[in-house]
Each structure stands twice: as structure tokens, then as C-alpha cells.
Amino acid sequence: MCCILGLTAAINAVLGRFLPDSPLTELLKTQFTHVDWAGLHFEDLIFPLFLFISGAAMAFSVPRRLEREGQGAVIRHLILRALVIFALGVIYSGGLSRGWDQIRWLGVIQRIGIASAAAGLLSIWLGVRGLVVATALLLVGYWLLLLCIPVPGFGTGDFAEGQNLTNYLDSIWLPGRKWDGNHDPEGILSTLPAIVTAVLGLLAGRWLSRDITPQRKVGGLLLVGVALVVAGWAWHPLFPVIKKIWTSSFVLVTAGWSGILLAGFYWVIDVRGIRRWAEPFEW
């Protein structure tokens, strides 16, 4: 949230003022920008981390609501919440002010609403094993769709911008204004792997909620986090890490780093009790 609210700009300003010619300044400035297409900078981690944490929070909130209100009420709550967040996203993107043909129907906020609600609903109907199977099916299925279905003029297995199946489907099926001309980085098909990001966060939250030692919780998050990062980069030559189409390898790498960060903050704040420094974040 601090990065979204301006921490990135503040760090760049301070470094530019006091260390204008430092290699560290250039490195950090690069990390605080999005990659053009394939690859990963720190800035590209912020959005998936937000989705991951939304899923982790649901591991605690959904079971409490189920116990208190029942399944039907929780399902209605998740759907209503998604609709409200979706509407706020449309309004934030300009709403109806430019006319119906200029509404941005899908965007960052809309994706948060859709993906977090989908993860919450899946957590009601599926256990841990079912969620793992759903994760594998969605990630591998998305890869196979982009790998095997031909795009007119470009054929199969092309992951370049404007030449892949995800962008092509946006160009013919996504109405309204799109962020990148005839396609959108938060488009239709890429919503499916984005749901997996929230589901992986939910699984991390379930792990934290288990009645096991804090050391085991931290160790499990670190171990799985490192494994996901390695698996994602191993997949990269076959299915590149690309945020703008939310590739399956991008899901694994960013979820891995999210799990590692969650383990670190959990250890510092909850286990070690070093929390006074974090009060401004609570505010």
C-alpha cells in the first residue's frame, strides 16, 4: 500500500537528490519501474502481492463467517463484495464520463474483486487438496491454451505482445476502452491465472492458521516460496514470466516471493514481537 500511495516516488526523489550518480540509484530506479514485457522488477510484484494477501486474509475471514452466518450468507457476501469492488474499479477508471464505448470494464481494481471472490468461493467448496488440483489445472491449462490455440496471422505458441491468444481474445471480445490499444493487461483470459495468485495466498493463510509451531509455519512458507520461485523461472524459457498476460510462470515466481515476504513479516511481527516500527502501517 505504501508503494501504491507514493513510496516509490519518494525513494526515487531522495536517491536522485542525494545519490544522483550512484549505481545503487540506477538499480533501484530500474526496480521501481515495470518491465516492458517479459521479466520481473520489484514494481511488478506489488499487484500480485496485493492479490496474494487478499487470499491469505480470506483463510481467516471466510471460516469465521461460515461458522457465524452459514454458507449461503457467505456466498452472497463474496459476490456482493466483488460487485462493489468491480463497480469502484469502473468508476476509478473514468466510469461513464466518456460514454459507454469508453468504459474500462477490466482493470486492476476489478481484477482484485473478481479474483479474491473466486478464491473465496473455491475455499468454501474445496479442501486443500482440491485447491492444489485447481491451481495446477488452471496454470497448466492456461499455458496449453496459449501454446496450442492458433492466433490468426501468428499461429500457435507466440507469447509476444499483440500476438498471443490472451491479447487476441481481448481485441475481439473485451468491450469498451482497453489500456493497451486493442488489449488490456487485466483482460479476460488472464483473469484465470490471477485467481490462482489469490488461491495460493489463501493456501498460505491456511498454513498460518494451523495449530503448529511458529518455526514450522515460517519454515514451510520459506520452503514453498523458494520452490515456487525456482519452478517459475525454470518454466520461463517455455512460458515467459510476463505480468501483462499474467503467465503461469509469473504466478509461481510472484507467489513464491509473496510467501517469502509473508514468512519474514510474520516472523518479525508475530513471533519475535518486534512491531512498534509497523504502527504507521496499521494507521
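Use the structure listed above.
These lines cover the structure that appears in this document, whether it is placed above or below. (Residues numbered from 1 in each chain as written. Predicted model: local features only at pLDDT ≥ 70, side-chain atom pairs only at ≥ 80, totals over all residues. Heavy atoms only, no water.)

## Quick look at the overall build of the protein chain
Of regular secondary structure, the protein chain possesses eleven helices and zero strands. Ordering the α and β elements of the protein chain from the N terminus gives α-α-α-α-α-α-α-α-α-α-α. For the protein chain, whose C-alpha radius of gyration is 20 Å, the value lies close to the compact-globule estimate of 19 Å for 283 residues. Along the three orthogonal principal directions, the C-alpha set of the protein chain runs to about 60 × 55 × 40 Å. Considering the protein chain as a whole, with its 283 residues, one finds that 45% of them fall into the buried category. In the protein chain, 65% of the contacts between residues at least 6 apart in sequence involve partners at least 24 apart. Of the roughly 14700 Å² of accessible surface on the protein chain, 68% is carried by carbon and sulfur atoms. For the protein chain, the centre of its 22 positive side-chain charges and the centre of its 18 negative side-chain charges are spaced 9 Å apart. (Helix = DSSP H or I, 4+ residues; strand = E, 2+ residues; numbered from the N terminus. Rg over C-alpha atoms; globule rule 2.2 N^0.38 Å. Buried < 20%, exposed > 50% of the residue type's maximum accessible area, 1.4 Å probe, protein only. Contact = heavy atoms within 4.5 Å. Areas by Shrake-Rupley, 256 points an atom, 1.4 Å probe, with all protein chains shown as cover. Lys, Arg positive; Asp, Glu negative; His and termini not counted. Charge placed at Lys NZ, Arg CZ, Asp CG, Glu CD.)

## Some remarks on the environment of G273
Structurally, G273 can be placed in the loop between α10 (248-271) and α11 (279-282). Taking the C-alpha atoms as reference, G273 lies 53 Å from I172; in sequence the two are 101 residues apart.

## A closer look at the nonpolar core
Counting residues in hydrophobic clusters, the biggest one holds 54 residues, and the most contacted among them are L51, L146, L200, L221, F239 and W246. Listed by contribution, the elements that provide at least two residues to this core are α3 (46-69), α4 (71-92), α5 (108-125), α6 (128-148), α8 (191-208), α9 (214-235) and α10. Looking at which element gives the most residues to this core, the answer is α8, with eleven residues. In contact with L200, other than residues within four places in its own chain, are F52, T135, V251 and A255. (Core = buried A, V, L, I, M, F, W, Y, C linked by side-chain atoms within 4.5 Å.)

## Points about the packing of α3 against α4
Close contact between α3 and α4 brings their axes to 7 Å; oriented N to C, the two are set at 135 degrees. One finds that α3 runs oblique with respect to α4. Counting all contacts with α3, which are made through M58, V62, R65, L66 and E69, the residues of α4 involved are Q71, A73, V74, H77, L78 and R81. Considered class by class, the residues forming the contact of α3 with α4 number six nonpolar, two polar and three charged. (Axes fitted to C-alpha atoms, helices over the stretch in contact; angles between N-to-C directions. Parallel < 35°, antiparallel > 145°, perpendicular 65-115°, else oblique. Nonpolar A, V, L, I, M, F, W, Y, C, P; charged D, E, K, R; others polar.)

## Remarks on a nonpolar patch on the surface
On the surface, V14, F18, L19, L24 and L27 cluster together into a nonpolar patch covering about 490 Å² of accessible area. Of all the secondary-structure elements, those providing two or more residues to the nonpolar patch are α1 (3-18) and α2 (23-31). Considering the arrangement of structural elements, one finds L24 in helix α2. For L24, a relative accessible area of 44% gives the class partly exposed. (Patch = residues over 30% accessible without salt bridge, like charges linked within 9 Å, V, L, I, M, F, W, Y side chains within 5 Å. Salt bridge = Lys/Arg side-chain N within 4 Å of Asp/Glu carboxyl O.)

## What about the pattern of salt bridges?
Between side chains of opposite charge, pairing is possible as soon as their charged atoms come close. Counted according to the given criterion, the structure contains five salt bridges. A salt bridge links E69 to R65; the nearest nitrogen and oxygen atoms lie 3.0 Å apart. Here E69 and its partner R65 are both found in helix α3, four residues apart, which amounts to about one turn of the helix. The partly exposed category is assigned to R65, whose relative accessible area is 24%.

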